[in-house]
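Working through the structure, step by step
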Amino acid sequence: MLGACHRQLVWVSQLSRCLQTAVNQSLHGKGWAENLEAETKAGLSEKPHLKEIVNYYYNKAAPLCEEDSLQKIRLGTYDKTLQMIRGTLGVMKPCNSVVTIAFPIRRETGEIETITGFRCQHSHHRTPTKGGIRFSETIDVGTIECFAQINSLTCSLNDVPFGGAKGGIRINPKNYTNRELEKIVRRFTVELGKKGFIGPGIDVMGPDLGTGEQEMNWIADTYRNTLGSQDLNAYACVTGKSKLMGGIHGRGSSPGKGLFLTVSEFVNDADFMRTVRLIPGIFKKTVIIQGFGNLGMHTARYFDREGAQTLGIIEKDVSIYNPEGINYEELAKWVRFVFIFVIQLYFLSVFALSDHLFQFCEHFTLIK
């Protein structure tokens, strides 16, 4: 039985690699503009949803993967092998488990608001499942399912022993106070625990868009003091925690390094660079980075180390451009200074308002 399970894991891993190879072959067959035009005519709508895009590429790559797998895998007769390959490809496409959670919170204004969150576990061929949790007003079940599917393939292709997962809460974190965000995250963690969607050996979450160390600390603390109170490894229910909660050094810069290494694979590929008519190598390349948070800042740092030049930074409400290059260290210092200045200004205004209110109440009491 164990041997059969092990073989099944190997099949899934091999099929995932074949699938990715087939996708790459289909992408590099023609120029980017021609390929996009052909895809649109073949079945993608003008403004396709992410789920439509992922399923389209999966359906396009699966037949190529089937042919390639028949040459590499043998399980008795040809028909038996074909049945197993098609069955495995069929299992790899849909998500195994999806949960939608809605719960109320009382905001500091007294208003009661309903919060909606999602968690998807794409594949349990290896456990625990692994995937980040994000805050975004635009997420839906389809988007979460696609990210979970991509995470499964990513883990398999890199021999990382996790299944893919993804989660999200449909909010804009800037519209909530820190205390309200803590309420939301802790309640969401409890609800996931009730449904068996969190645990060191079940489903491990991590930071993503709009979330970071603080949110991971809240999740780990909530799980440790509820369902995981008897579990020695309870804090392993999330990655991306602060070092005080058992996190590891370098976790903050790892997404930026991963993005840099991914781009490097393409830029150092002579065939790919010949297709886009550029010289292989990072050195003296120019870069424009979308976002300058944790991911963008560290990505700029790694590109700078290898001799690339960052010309532009794009944020959601502002963008900067310098044809001579942007010093990411000076920009990071300036962003940090502005953030601290705004926080100090906020507290000063709160204290000043409180002082005026106190004087008003005192004066009103004396008049009365």
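I will try to describe carefully the structure that is included in this document.

Procedures and definitions
Residues numbered from 1 in each chain as written. Predicted model: local features only at pLDDT ≥ 70, side-chain atom pairs only at ≥ 80, totals over all residues. Heavy atoms only, no water. Helix = DSSP H or I, 4+ residues; strand = E, 2+ residues; numbered from the N terminus. Buried < 20%, exposed > 50% of the residue type's maximum accessible area, 1.4 Å probe, protein only. Contact = heavy atoms within 4.5 Å. Areas by Shrake-Rupley, 256 points an atom, 1.4 Å probe, with all protein chains shown as cover. Expected span 1.5 Å × (residues − 1). Arc of directions from axis to C-beta. Pairing = 2+ DSSP bridges. Axes fitted to C-alpha atoms, helices over the stretch in contact; angles between N-to-C directions. Salt bridge = Lys/Arg side-chain N within 4 Å of Asp/Glu carboxyl O. Parallel < 35°, antiparallel > 145°, perpendicular 65-115°, else oblique. Left-handed = near helix turned anticlockwise from the far one by under 90°. Polar contact = N/O pair within 3.5 Å; in protein donor to acceptor, adjacent residues only side chain to side chain.

1. Description of the overall build of the chain
- When helices and strands are tallied, the chain shows 11 helices and 8 strands.
- Looking at the chain as a whole, 39% of its 368 residues are labelled buried.
- Across the chain, every contact between residues at least 6 apart in sequence was considered, and the portion connecting residues at least 24 apart equals 65%.
- For the chain, the computed accessible surface area is about 22000 Å², with 58% contributed by carbon and sulfur atoms.

2. Digging into helix α8 (residues 254-267)
- Over its 14 residues, α8 runs 20 Å from end to end, which matches the ideal 20 Å to within 8%, given 1.5 Å per residue.
- For α8, the full list of buried residues reads Gly256, Phe260, Ser264 and Val267. With its buried residues spanning 75 degrees around the axis, α8 presents them on a single face.
- Looking at the buried positions of α8, the neighbouring elements they touch are α9 (270-275) and α10 (294-305).

3. Looking at the sheet that holds strand β3 (residues 129-135)
- Pairing is mixed in the open sheet, where 5 strands are placed in the order β1-β2-β4-β3-β5. In this open sheet, the two strands that pair with only one neighbour each are β1 (97-106) and β5 (203-207). Put simply, the sheet's adjacent strands are angled 20 degrees from each other on average, direction ignored.
- Contacts from helix α6 (residues 178-194) reach β1, β2 (112-121), β3, β4 (163-169) and β5 within the one sheet, and its direction differs from that of β1 by about 140 degrees.

4. Points about the sheet that holds strand β8 (residues 319-321)
- One open sheet accounts for 3 strands, arranged β6-β7-β8; its pairing is mixed. With one partner strand each, in any of the chains shown, β6 (286-290) and β8 form the two edges of the open sheet. Direction aside, neighbouring strands of the sheet carry axes that sit 25 degrees apart on average.
- Summarising the sheet, strand β7 (residues 309-314) and β8 pair through 3 bridges and their orientation is antiparallel. What sits directly across from Gly312, in β8, is Tyr321.

5. Section: the pattern of salt bridges
- Taken as a whole and assessed by the stated rule, the structure comprises 12 salt bridges.
- Here Glu180 ties to Arg107 by a salt bridge, and the two come within 3.2 Å at their closest N and O atoms. Of this pair, Glu180 sits in helix α6 while Arg107 sits in the loop between β1 and β2; the two residues are 73 residues apart in sequence, bridging distant segments of the chain.
- A salt bridge links Arg186 to Asp221; its shortest N-O distance comes to 2.9 Å. Taken together, the residues Arg186 in helix α6 and Asp221 in helix α7 (residues 213-224) connect sequence positions 35 residues apart.

6. Digging into the packing of α8 against α10
- It is the contact of α8 with α10, at a shortest axis distance of 7 Å, that shows an interaxial angle of 50 degrees. What the angle tells us is that α8 and α10 run oblique. Once α8 is placed against α10, the crossing between them reads as right-handed. Facing Pro255, Gly256, Lys257, Leu259, Phe260 and Val263 of α8, the residues of α10 in contact are Asn294, Leu295, His298, Thr299, Tyr302 and Phe303.

7. Regarding helix α5 (residues 141-157)
- Compared with an ideal rise of 1.5 Å per residue, which puts 17 residues at 24 Å, α5 spans 25 Å between its outermost C-alpha atoms and is within 8% of the ideal.
- Those residues of α5 that fall on the buried side of the exposure criterion are Gly142, Thr143, Ile144, Glu145, Cys146, Ala148, Gln149, Ser152, Leu153, Cys155 and Ser156.
- Put simply, Asp140 is the residue that caps the front of α5, since its side-chain oxygen is 3.3 Å from the backbone nitrogen of Gly142.
- In the segment just after α5, Asp159 is the residue with positive phi, at about 60 degrees.

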